[in-house]
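Architecture and fold: a report
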Amino acid sequence: MRAVTDGRLELTEEVRRHLDLCLDCRACESACPSGVQYGKLIEPFRLHMARVAPAAHRLSWMQRLMLFHATPFAGRMRALLLPVRWMQRLGVDRFLERISLPRFLPRSLREMHEMLPRLKPHYGRLPEILPAEGRRRARVALFTGCAADAFFPETNWNTARVLQKNGCEVWVPRGQVCCGALHYHAAQEESAQRFAQANCEVFDDSSVDAIIVNAAGCGAMLKDYGHCFPTPGLAATRSGALAFPTRMLATVWPKKVRDISEFLIELGPVKPQHPLPLRAVYHDACHLCHAQQIRRQPRELLEMIPGLELVPLHETEICCGAAGSYNLTEPEMAERLGRRKVKNIQEANVQAVFAGNVGCLLQIGRYLRKQGSRVWAAHPIDALWASYSGDMPKLT
């Protein structure tokens, strides 16, 4: 990257391909003895590449439509997935699988179809305020996200209920939007900035003790707003159209954005009571363990659950291949990583795998289904709520 910017290396297709193949998993940051923050280098450089030498699209028009004009909008995704929910509920999807209809779809549509998990009913919209149970210990804002809300709405509900159980008043701000990660990683800078600006305005409330996130990719992006859209100018575009609240980027975001596991361990979690008799592994989502350096806290929450046996996962910190939109832009490499991850899960002989990121759960679930496995892929908070409530999951 330095050689390209210094003019010593031409930005050829070979050079671009080398950089495009990077997962941006940031495992190199964990491994680097000098502490080089590679994630803070690769993303701005991709923006530079997009400006000086735009590349040909590697996504189909349908994939671009879904990725940038549907997925980042929670309401649109709920509407688009409603027919899928009904098809799954009525068993139509299983019938179509039996007659092998999906294999005749174009590759891009077939890949999107394979990613779909078994969808739970959607709650619609969380109340704006959910009161704390017992003595109030904190007041928090909940970031509900877009893809996570669409594919795993039960996790947002469970996150809110776990926070209530732990004495938190939960504020779910109206007007919050996608974190902007999908657009930023795809070098669509101005779209990402618009999302970030909206979130800065919506969450600008000094009375909250923390802004809670349950998706690793979103958490890493939110915590990095100050770097992605730095002062001075506060991420104003070249046209000067955008201006971010200085206080939010400079002080509030770095201190207040917390992953749910990180926050609960800091707060001191209420001990769950109901046994969850499962042998399970925990997969380290890249943007949780490498980007945010959060490893211990999710494991501590899972180890509190009576009856749950947490065993080590081989290569737990190696990317599963989801990596934002990487499983669409580089499907062959993503598949190799996905199959490798599922092989390690199956060799652990477990009934459940937990991960703190929506992309990981979609990717791991996809390749578990391909193997005909009945391993439950879920967020650690789903297991914690089951142990709090006694509402045990149906492992189908």
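Attention in this report is confined to the structure presented alongside it. Residue positions within a chain follow its written sequence, with the count starting from 1. Since the coordinates come from a predicted model, pLDDT governs what is reported: local features require at least 70, and pairs of side-chain atoms require 80 or more to be given and counted, while whole-chain, interface and lining totals use all residues. In computing side-chain properties, one takes all heavy atoms of the structure into account and sets aside hydrogens as well as water.

Criterion for a salt bridge: a side-chain nitrogen of Lys or Arg within 4 Å of a carboxyl oxygen of Asp or Glu. The full count for this structure, using the stated rule, is 16 salt bridges. Between Asp 149 and Arg 78 there is a salt bridge, with the nearest N and O atoms lying 3.3 Å from each other. Residue Asp 149 is located in helix 9 (residues 147-151), and its partner Arg 78 is located in helix 6 (residues 74-90); the two are separated by 71 residues in the primary sequence. Salt bridges linked by common partners bring Lys 223, Arg 258, Glu 262 and Glu 266 together as one network. Think of it this way: any DSSP run of H or I at least four residues long counts as a helix, any run of E at least two long counts as a strand, and we number them from the N terminus.

Our next topic: the pairing of strand 6 (residues 278-283). Counting buried positions along strand 6 yields five of six residues, so the element is predominantly enclosed. With three bridges joining them, strand 6 and strand 7 (residues 308-310) adopt parallel strand pairing. Following the sheet pairing, Leu 278 is matched in strand 7 by Leu 308. In this description, strands pair whenever DSSP reports at least two bridges between them. Bridge count between strand 6 and strand 8 (residues 352-355): four bridges; the pairing is parallel. Bridged to Tyr 282 within strand 8 is Phe 354. For every residue, the accessible area obtained with a 1.4 Å probe (protein chains only) is divided by the maximum for its type, and the residue is called buried under 20%, exposed over 50%, and partly exposed between those limits.

Ordered in space as 1-3-2-4-5, the five strands form an open sheet in which the pairing is mixed. At either end of the open sheet lies a strand with only one pairing partner, and these are strand 1 (129-130) and strand 5 (257-259). For strand 2 (residues 138-142) and strand 4 (residues 210-213), the ladder comprises three bridges, and the chain directions are parallel. Note that in strand 4 the partner of Ala 141 across the bridge is Ile 211. Contacts between helix 10 (residues 153-165) and the sheet are confined to strand 1, strand 2, strand 3 (168-171) and strand 4, with strand 3 contributing the most and set at about 145 degrees to the helix. Any two residues whose heavy atoms approach within 4.5 Å at even a single point are treated as in contact. Between N-to-C directions, angles cover 0 to 180 degrees, with each direction set by a line fitted to C-alpha atoms, over the stretch in contact for helices. Strands strand 2, strand 3, strand 4 and strand 5 of the sheet are contacted by helix 16 (residues 260-267), whose axis makes an angle of about 95 degrees with strand 5.

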